[in-house]
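What follows is the residue order along each chain.
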Amino acid sequence: MISFVIAAVVMLVSLVPAGIVIARGTLADAVVGFEFITGVAVMVFALLAEGFKRPSLFEFPVLVAVLLFGSGLVYVRALERWL
Amino acid sequence: MIREVLSDVLLTLAAATVIASAIGVLVVRDAYARVHYVTPAAVVAPVLVALAIFVAEGLNENTGETVLALVFMIIAAPFLSHATMRAIRVREVGDWRGPPKDAKAEDTNDDKEQPEDQPSGDAPARRSR
């Protein structure tokens, strides 16, 4: 089960390039970087729940997937109209 | 034993997909291209992760919840990508269908003659929505 934790850590490291894009890119680049991070975050939560054998934590990725999709649409709408 | 090996292979593929996507997001030149590199991380890698958990755990409630979250991601990612592309285009051009026809006509007229009291046409006019 350590392999799930290692995969989660590798995916967390892969968030660094997206963070650089968010910090240094344009506003549109930042929204795309945010979408990348949201997608990876759901997988990281699922991998950590499996890696640490916490069945109750498997509900968290479901909630995060739904909520981050909504927040992504909100950001995109704000990018289109107001930002 | 074979389950662990297969699970590790799937996890390695998922991590490699995410790393490659992250590098792509970093190095490409504009937001339109970056959106394309979000898709593998949001569609391919979740499938591999769900398969890895399925192989390791078998069919139980944990696998079901993981599959639920990741199927939702797979369904939502194309919608979000499309909305992002549309928003970027609206932000740049003023409308997702392109610049207004009258603006195009003004642009062609601007090449011939540029009156002082009219805008140059560099700034895209936003259509009312």
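Residues numbered from 1 in each chain as written. Chains lettered and ligands numbered in written order. Predicted model: local features only at pLDDT ≥ 70, side-chain atom pairs only at ≥ 80, totals over all residues.

Colleague: Before we go on, may I ask you to explain the overall build of chain A in this structure?
Modeller: When helices and strands are tallied, chain A shows four helices and zero strands. For chain A, the α and β elements follow one another from N to C terminus as α-α-α-α. Here the C-alpha coordinates of chain A stretch approximately 45 × 25 × 10 Å along the principal axes. In chain A, buried positions account for 48% of the 83 residues. (Helix = DSSP H or I, 4+ residues; strand = E, 2+ residues; numbered from the N terminus. Buried ≥ 20, exposed ≤ 12 C-beta atoms within 10 Å, placed from the backbone.)

Colleague: Honestly, the overall build of chain B in this entry has me stumped. Any pointers?
Modeller: If you tally the helices and strands in chain B, you get four helices and zero strands. In chain B, the succession of α and β elements from N to C terminus is α-α-α-α. Here chain B holds 129 residues, and the buried ones make up 32% of them. For chain B, long-range pairs separated by at least 24 residues make up 58% of all intrachain contacts whose partners lie at least 6 apart in sequence. (Contact = placed C-beta atoms within 7 Å.)

Colleague: Hey, could you run me through the interface of chain A and chain B in this one?
Modeller: Put simply, an interface is often sized by how much accessible area is lost when its parts join up. If you look at the interface, chain A gives 38 residues, while chain B gives 39 residues. Sorting the residues of the side of chain A that touches chain B by element identifies helix 1 (2-13), helix 2 (15-24), helix 3 (27-51) and helix 4 (59-81) of chain A as the ones contributing at least two each. Sorting elements by how many residues they give to the side of chain A that touches chain B places helix 3 of chain A first, with 14 residues. When grouped by side-chain class, the residues that make up the side of chain A that touches chain B number 27 nonpolar, six polar and five charged. (Nonpolar A, V, L, I, M, F, W, Y, C, P; charged D, E, K, R; others polar.)

Colleague: What is the right way to look at unusual backbone geometry in this model?
Modeller: Peptide bonds are mostly trans, and most non-glycine residues show a negative phi. Residues and elements named next belong to chain A. Despite not being glycine, Lys 53 has its phi angle at roughly 55°, a positive value. Examined against the element boundaries, Lys 53 turns out to sit in the loop between helix 3 and helix 4. Look at Lys 53 and you get exposed, because 11 C-beta atoms sit within 10 Å.

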